[in-house]
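Spelled out, the chains give:
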Amino acid sequence: VTTFAHAAFRRVVRVLSAHGGDLMTRKTLVAAAMLAVCLSGQVLAQNPATLITKAEVEKATGASFKDGWAPMPEQVQFEQASGDMQVSLEVEPREAGATVRTWAATMQKMRPSFTVETVPGLGSDAIVYSTRPDLAKVSFDVEKPRVQISVSVSGAKTPVQARQIVIDLAKLAAARAGK
């Protein structure tokens, strides 16, 4: 069980101890804590900070970056030291049968002009896409643990540079996924 799950459970216990509450409130809080414990093992099955490093981001972008930080437990983000470029890596649990292709199909229904390209050699399936010229994102499926990993960049100079950065970093992350 992860540190995140332990922290969530401890918070619920503190709330119950401090505020008491009626039986229904206590049952709801305990159920929420148990759900957090169960889900957090899936969410944090792969620590995003172990998948790419600051040095690798700097090499892929050709720019200097601040240390990575975690805006959420399933994400690591790097910001350019003197510029607008940002690189982010996210690890999300995946339900059985859910893939990057099912996500892409949903996006294409909502936005018919949405296009994706296949990226060979990343996980069990991988796609790259962009919604604006300075941004690109690669999403790929990993089977063990069953997660979807996404690497994105914003603030790139050109669409070609954005695409190359995310593919290079995704290859590094894919090689470490599940280890």
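Please refer to the structure higher up on the page.
Since the structure is predicted, the reported quantities are computational estimates derived from the model, not experimental observations. (Residues numbered from 1 in each chain as written. Predicted model: local features only at pLDDT ≥ 70, side-chain atom pairs only at ≥ 80, totals over all residues. Heavy atoms only, no water.)

A. Geometry of the sheet that holds strand β5 (residues 136-142). The antiparallel open sheet is built from six strands, whose spatial order is β1-β2-β6-β5-β4-β3. A strand with exactly one partner marks an edge of an open sheet, and here the two such strands are β1 (75-79) and β3 (117-118). As defined by bridge partners, β5 adjoins strand β6 (residues 147-154) across seven bridges and the pair is classed as antiparallel. By the bridge assignment, S139 is partnered in β6 with S150. The strands that helix α4 (residues 100-110) touches are β3, β4 (125-129), β5 and β6; relative to β4, the one it contacts most, it runs at about 35°. (Pairing = 2+ DSSP bridges. Helix = DSSP H or I, 4+ residues; strand = E, 2+ residues; numbered from the N terminus. Contact = heavy atoms within 4.5 Å. Axes fitted to C-alpha atoms, helices over the stretch in contact; angles between N-to-C directions.)

B. Representation of the packing of helix α3 (residues 54-61) against helix α5 (residues 159-176) in the model. Across the interface, α3 lies against α5 with an axial gap of 9 Å and an inter-helix angle of 150°. For the element pair α3 / α5, the angle class is roughly antiparallel. Crossing of α3 against α5: the hand is right-handed. Contacts between α3 and α5 pair E56, V57, A60 and T61 from the former with Q161, I165, D168, L169, L172 and R176 from the latter. Of the residues contributing to the contact of α3 with α5, the split by class is five nonpolar, two polar and three charged. (Parallel < 35°, antiparallel > 145°, perpendicular 65-115°, else oblique. Left-handed = near helix turned anticlockwise from the far one by under 90°. Nonpolar A, V, L, I, M, F, W, Y, C, P; charged D, E, K, R; others polar.)

C. Representation of the environment of S88 within the structure. Looking at where S88 falls in the secondary structure, it is placed in strand β2 (residues 86-93). The spatial distance from the C-alpha of S88 to the C-alpha of V76 is 5.8 Å, given a sequence separation of 12 residues. Those residues in contact with S88 that sit more than four places away from it in its chain are Q75, V76, Q77, S150, V151 and S152. At 2.7 Å, the side chain of S88 and the side chain of Q75 are in polar contact. (Polar contact = N/O pair within 3.5 Å; in protein donor to acceptor, adjacent residues only side chain to side chain.)

D. Just the side chain of Q148, in detail. By secondary structure assignment, the location of Q148 is in strand β6. If sequence neighbours within four positions are ignored, Q148 has contacts with E90, V91, E92, R94, T99, V100, S139, F140 and D141.

E. Layout of the pairing of β1. Within β1, four of the five residues are buried, which leaves the element mostly enclosed by the surrounding structure. One ladder, built from five bridges, connects β1 with β2; its direction is antiparallel. The residue of β2 that forms the bridge with F78 is V87. Between β1 and β2, which pair antiparallel in sequence order, lie six residues. (Buried < 20%, exposed > 50% of the residue type's maximum accessible area, 1.4 Å probe, protein only.)

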